[in-house]
Amino acid sequence: EALGGGCESKGNHGALHCKWKESFPAGDVGKHVVRCFTAMDPHGDRVSSNATLNPAFFFTDGQCSDGSRPCSSGGTDGTDKMTCKSMPLCLKVLVKGRAPRFVAPTPLEANSFSESGRVIPGQTDVPACEGFPLQLTLKAVDDDAGDEVRIYLEDKDFYVDGASAAASTVLALRQKLLGLNPALSEYNLDFFSNATVVQENAFLDRCSGTNVFQANAAGNAPVGAAFKGFQGYAATKLGANARQALVLSLQEGVAKSVMSGYAAGLEFGAAPEVGVAYTLSLKERNGLVTRLVDPGRALWGEAENCWNDDVFDVADNRCREKLVNMDQTVCAVAYDNARTRAKRWAGAPDPNGLTAKQLRDHSNGDGASPMHCWRIMLQAPPVFVTDPNKTATPFAAGWDLVGRAEAPPGAESWQEVLAIVGREVAFTFVAQDPNWGDSVQVFIADDPGMPQGMRVSRTECIARGNQGTGDTSLCGAQSTKTNNTGYEKLESKESRCSKAKMTITWTPDKAQAGQRFRVCALCRDSSTMCAGKGPATATSVGWYGDQQCVVFDVRAPGPTWDNGVVMDVDSFVGCVTRITPRNVDSARTYAVLIEASGELPEGAVLSNLVVAPSAAVTFSWVPKRGMEGKTFEACFVARDVLGMVPAGEKACWKMSVQKCRYCINSGDTLGLLMKDYALDTNWLRIWLHNANNQPPEADTPPVVDNPDLIMTPKTPATVGGVSGNAEGFPIVFVGPVYQARLGDSLESIAARFRTTVAGVLSVNPDIQGEADLVPLESEVCVVPCAQRRPAVQSAA
């Protein structure tokens, strides 16, 4: 089919431009066809323009049948003459079909960059977000009608040791086909395998590997299962052709030819899809582990242990850190079945001419798409880390850092702190992201916010992995890709801000006393890869991680009486009555002041005032003669010195001055006692009332053992101008206490005890007359035999 309006030049001179198009049926795929072309010079005929139209004159007229062509010198009208033919030009055409191609939902974005910042051609980054299934589905189609497609997906870079290869025919063949070099794929596990790498040498600190060993008498032995490091990734392929184990696709055991059949198990389809089942999980340890705290952990286990962390250095706080394994790269090629359908070689003519084994084409005569790779980026949100004492990023004392290593913080992890008005409190929150290239921010959550007056520092980055200082604690995958594939192994990384801290500082004021405030810190990284991929907290500005809260209990002062609020005290004339009211702040924090409430008894004084969280004051008082039988009250209130809360309930002491009992001072004789207290009796009766043990069953000397002198010297004291016995004993009885009966009167009682009404009233100042004498209630002190006998007149 000639294109462009013919295949002929115009005018007497010029070049010929001829376009040719030919369509071949699908059955011609793989055929070689030959098409040849020649170039010739066309000539026109000379014709006549005679009006008579006499044919005899046609050849003599100088008119040419086509003015754009040269004309023959003679002849008649007829077919154009072709002269001067060229040599034939022949083309050998290979009829090829269209190769399969990946289509949506296959991710094909050019978003994969090397560490130098260059785009890696033929590679797309896809995130594996912790706790959510990997979203990687491959789909391929072929535009040639009738062709079917299969997809072969594999991890091309992984570590194979000699023992593993010897034990597995498939593994050994894969190693041979791909040219795997263990030295260049150190610790890089097959993404589609649960195999782990056993390494008896120490791992780099962060790259905890898969099996940690400790030395013992019998040699190296694995540490307990709780610290077994990373497990294999154990990803699986799903969908069409997921069972193809090797890139080799032809039948084994037979001579290979263009007619060879496919190996058993290969699956073709018009638009096949292959998915990858993988969920990054702490529980499965399939790419993510947590640094624990265990005092029994061996040195070889330092990679996952934080027991030796410096609690005073937040940069060294690593408990709860997440450690992420190497990112993985998987590659796929889509193949059609053109060779089988056409029964001839339809694909690339020399597929195995490359020296790089990983890039070889194994289409074997079928059409094949360009290889595309996907880097599986292991992504996890930041977490709050702490020290073994759970001080930095405060955690509750009962929060188990080992048993709950995989649990996110919650109400049970919040630390409750007693905050004191006027006293500064400060806490530092430390967050870490397992992805060394991410940056972490720490900030206060808007809900519930912060109390008035709290200050928050800016997020401060904590650099890690400084190789200049020998810090190899941060490891990742080394990428040396210069094309679609390459080797990856562990190497030390440097991170500017994948760990960061933020400090809150607060001094509660008086208005906040008695309230509780919850302050929550959030951490967020800079990665947006997981936004829209499942995690609700992964957003277009980063992935929000832990939220950890501190509950501040701003205790109001709580003055509490330590010795009750109502007390009864027996007091004695001449003895110092001492009371020590004590009040304790419930928070053991705020200073408390004790003050008298109301009037104190006459002559009472306060001393030894202690203003402190445990406050006290001393009340001293000496009852005087004439107070017997009366009750006096001393009341006190306590308040915090800051005046945050009003004074609470009063504490009162009721002091009953006893009748018939008097306190004596050092050196007093019975005679002086009778004189000082104006007692109408004699020393002999007082001696008889007190010449016994008090109490009788106690092995103590008598109160009065010498009628002339009180033997034991006593400490004197003067309170409010009144002298008294500071020790409060001994106390002497001057008579019995009689309870009035029905029908009693002052006169009858005086007569019964051989005294006078005046004598009774003198030692019972609370009784002013008969009206105050209440039968069965009133207690009456009587000094018996105080009635003087009438004088006997002489006979004269």
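Positions within a chain are numbered from 1, following the residues in the order the chain's sequence is written. In keeping with the model being predicted, local features are shown solely for residues with a pLDDT of at least 70 and side-chain atom pairs are shown and tallied solely at 80 or more, while totals for entire chains, interfaces and linings include all residues. Each side-chain value is worked out from all heavy atoms of the structure, with water and hydrogens disregarded.

**Q** It is not clear to me how the overall build of the chain should be interpreted in this structure. Could you clarify?
**A** Tallying secondary structure elements over the chain gives seven helices and 46 strands in all. A buried classification covers 45% of the 796 residues belonging to the chain. In the chain, the share of contacts with a sequence separation of at least 24, taken over all contacts with a separation of at least 6, comes to 71%. Carbon and sulfur atoms make up 52% of the accessible area of the chain, which amounts to about 39000 Å² in all. Helix numbering and strand numbering both begin at the N terminus, where a helix is a DSSP run of H or I of at least 4 residues and a strand a DSSP run of E of at least 2. Remark: exposure states derive from per-residue accessible area (1.4 Å probe, protein chains only) relative to the maximum for the residue type, with buried under 20%, exposed over 50%, and partly exposed in between. Whether two residues are in contact is decided by their heavy atoms: any pair within 4.5 Å suffices. Under the convention used here, a 1.4 Å probe and the Shrake-Rupley method define accessible areas, while residue burial counts only the protein chains that appear.

**Q** For this particular structure, what's the right way to read the sheet that holds strand β11 (residues 137-141)?
**A** Strand-to-strand pairing in sheets goes through backbone hydrogen bonds, with the strands running parallel or antiparallel. Across the sheet, which stays open at both edges, the four strands sit in the order β9-β11-β16-β15 with antiparallel pairing between neighbours. Two strands bound the open sheet, and with one partner strand each, they are β9 (101-103) and β15 (236-239). Ignoring which end each strand starts from, the neighbouring axes of this sheet average 30° apart. Should DSSP find at least two bridges between two strands, the strands are regarded as paired. Looking at chain direction, β11 and strand β16 (residues 273-277) are connected through three bridges and run antiparallel. By the bridge assignment, T137 is partnered in β16 with G275. Geometry is summarised by axes, namely lines fitted to C-alpha atoms with helices restricted to the contacting stretch, and by angles between N-to-C directions that run from 0 to 180 degrees.

**Q** Looking at this structure, I do not really get the state of the cysteines. What am I missing?
**A** Any two cysteine sulfur atoms lying within 2.5 Å of each other are counted as a disulfide. Under the defined criterion, the tally for this structure stands at eight disulfides. Disulfide pairing is shown between C36 and C90; the S-S distance is 1.8 Å. Torsion about the S-S bond of the C36 and C90 cystine: about 110°, corresponding to right-handed handedness. Here C90 lies in strand β8 (residues 89-94) and C36 lies in strand β3 (residues 32-37), a separation of 54 residues in the sequence.

**Q** Would you explain the sheet that holds strand β10 (residues 123-129) in this entry?
**A** Strand order across the open sheet formed by four strands is β10-β20-β19-β12, with mixed pairing between neighbours. Two strands bound the open sheet, and with one partner strand each, they are β10 and β12 (149-155). Averaged over all adjacent pairs, the angle separating strand axes in this sheet is 25°, with direction ignored.

**Q** Sorry, what's going on with the pairing of β10 here?
**A** On any regular strand, side chains alternate: one points to one face of the sheet, the next to the other face. The buried fraction of β10 amounts to seven of the seven residues, a majority that puts the element mostly inside the structure. Here β10 shows two buried faces, one formed by Q123, D125, P127 and C129 and the other by T124, V126 and A128. For β10 and strand β20 (residues 372-379), the ladder comprises seven bridges, and the chain directions are parallel. Its bridge partner being in β20, C129 is matched across the sheet by Q379.

**Q** Looking at this model, I keep getting lost on a nonpolar patch on the surface. Mind explaining?
**A** Patch criteria: residues need more than 30% relative accessible area and no salt bridge. Like-charged residues are merged within 9 Å; nonpolar side chains of Val, Leu, Ile, Met, Phe, Trp and Tyr are merged within 5 Å. The salt bridge definition used is simple: a Lys or Arg side-chain nitrogen within 4 Å of an Asp or Glu carboxyl oxygen. A cluster of nonpolar residues, L609, V611, V641 and L642, forms a patch on the protein surface that exposes about 310 Å² of accessible area. Summarising the element assignment, L609 is placed in strand β38 (residues 605-610). The partly exposed category is assigned to L609, whose relative accessible area is 46%.

**Q** How should I be thinking about helix α2 (residues 169-178) in this particular structure?
**A** Along an α-helix, residues three or four positions apart point the same way, because every turn accommodates 3.6 residues. Among the residues of α2, R174, L177 and L178 are the ones counted as buried. Here the buried residues of α2 occupy an arc of 85° about the axis, which is enough to place them on one side. Turned more than 90 degrees off the buried face of α2, the exposed positions are T169 and K176. Positive backbone phi, approximately 65°, marks G179, located one or two places after α2. Each C-beta atom gives one direction from the helix axis, and the arc is the one those directions make.

**Q** Just to check I follow, could you spell out the environment of T589 for this structure?
**A** Here T589 is to be found in the loop between β36 (582-585) and β37 (592-597). Distance in space between the C-alpha atoms of T589 and P613 is 5.4 Å, their sequence separation being 24 residues. Residue contacts for T589: discarding those within four places in its chain leaves L418, I420, R423 and P613. Separated by 2.7 Å, the side chain of T589 and the backbone oxygen of A587 make a polar contact. We call two N or O atoms a polar contact when they sit within 3.5 Å, provided that within protein one can donate a hydrogen and the other can accept it, with sequence-adjacent residues counted only if both atoms are side-chain atoms.

**Q** Where do I start with the side chain of N325 in this structure?
**A** Topologically, N325 is positioned in the loop between β18 (322-324) and β19 (328-336). Taking the relative accessible area as the measure of exposure, N325 reaches 11% and is therefore buried. Engagement of the side chain of N325 in a polar contact is seen with the side chain of Y233, the distance being 3.5 Å.

**Q** In this structure, what is going on with the pattern of salt bridges? I would like to understand it.
**A** Between side chains of opposite charge, pairing is possible as soon as their charged atoms come close. With the rule as written, the count across this model stands at 25 salt bridges. Note that E628 is salt-bridged to R625, the shortest N-O span being 2.8 Å. A relative accessible area of 0% means that E628 is categorised as buried. Through salt bridges with shared partners, a single network forms among E154, K156, R174 and D190.

**Q** Looking at this model, I keep getting lost on the packing of aromatic side chains. Mind explaining?
**A** Where two aromatic rings form a pair, the distance of their centres and the angle of their planes describe that pair. Any two rings among Phe, Tyr and Trp, with Trp reduced to its six-membered ring, count as a pair given centres within 6.5 Å; such a pair is stacked if its planes are under 30 degrees apart, edge-to-face if over 60, and tilted if neither. For the structure shown, the criterion picks out 16 aromatic pairs. On the numbers, 5.6 Å between centres and 70° between planes, the contact of W20 with F37 is edge-to-face. Pair noted here: W20 is in strand β2 (residues 19-20) and F37 is in strand β3, with a separation of 17 residues, a long-range link. Taken together through their ring pairs, the aromatic side chains of F191, F192, Y233 and Y278 make up a single cluster. K237 extends its terminal NZ or CZ atom over the ring of F192, reaching a point 5.3 Å from the ring centre. Stacked on the ring of Y262, the Lys or Arg R339 has its end atom at 5.4 Å from the ring centre. A ring is considered to have a charge above it if a Lys NZ or an Arg CZ atom is located within 6 Å of its centre and within 35 degrees of its normal.

**Q** I'm lost on the environment of R516 in this one. Help?
**A** Here R516 is to be found in strand β30 (residues 515-525). Sequence spacing of R516 and L418 is 98 residues, and the spatial spacing of their C-alpha atoms is 9.5 Å. Apart from the residues within four sequence positions on either side, R516 is in contact with E416, V551, F552 and D553. A distance of 3.0 Å separates a polar atom in the side chain of R516 from a polar atom in the side chain of E416.

**Q** Sorry, what's going on with unusual backbone geometry here?
**A** Residues other than glycine predominantly adopt negative phi, and peptide bonds predominantly adopt the trans conformation. Residue P105 is bonded to the preceding A104 through a cis peptide linkage, with omega at 15°. Within the secondary structure layout, P105 lies in the loop between β9 and β10. Omega for the peptide link from D447 to P448 comes to 15°, which places this bond in the cis form. Along the chain, P448 turns up in the loop between β24 (440-444) and β25 (455-456). Despite not being glycine, N364 shows a phi value in the positive range, around 55°. Tracing the chain through its elements places N364 in the loop between α3 (338-342) and β20.

**Q** It is not clear to me how the nonpolar core should be interpreted in this structure. Could you clarify?
**A** The tendency in soluble globular proteins is for nonpolar side chains to be buried side by side. The biggest cluster of nonpolar side chains holds 31 residues, and the ones touching the most others in it are L136, F191, V276, Y278 and I376. Secondary structure elements with two or more residues in this core: β10, β11, β12, β16, β19 and β20. Ignoring any residue separated from it by four or fewer positions in sequence, one finds F191 in contact with D155, Y233, A234, A235, V276, Y278, Q328, V330 and I376. In these notes, a set of buried Ala, Val, Leu, Ile, Met, Phe, Trp, Tyr and Cys residues joined through side-chain atoms within 4.5 Å is what counts as a nonpolar core.

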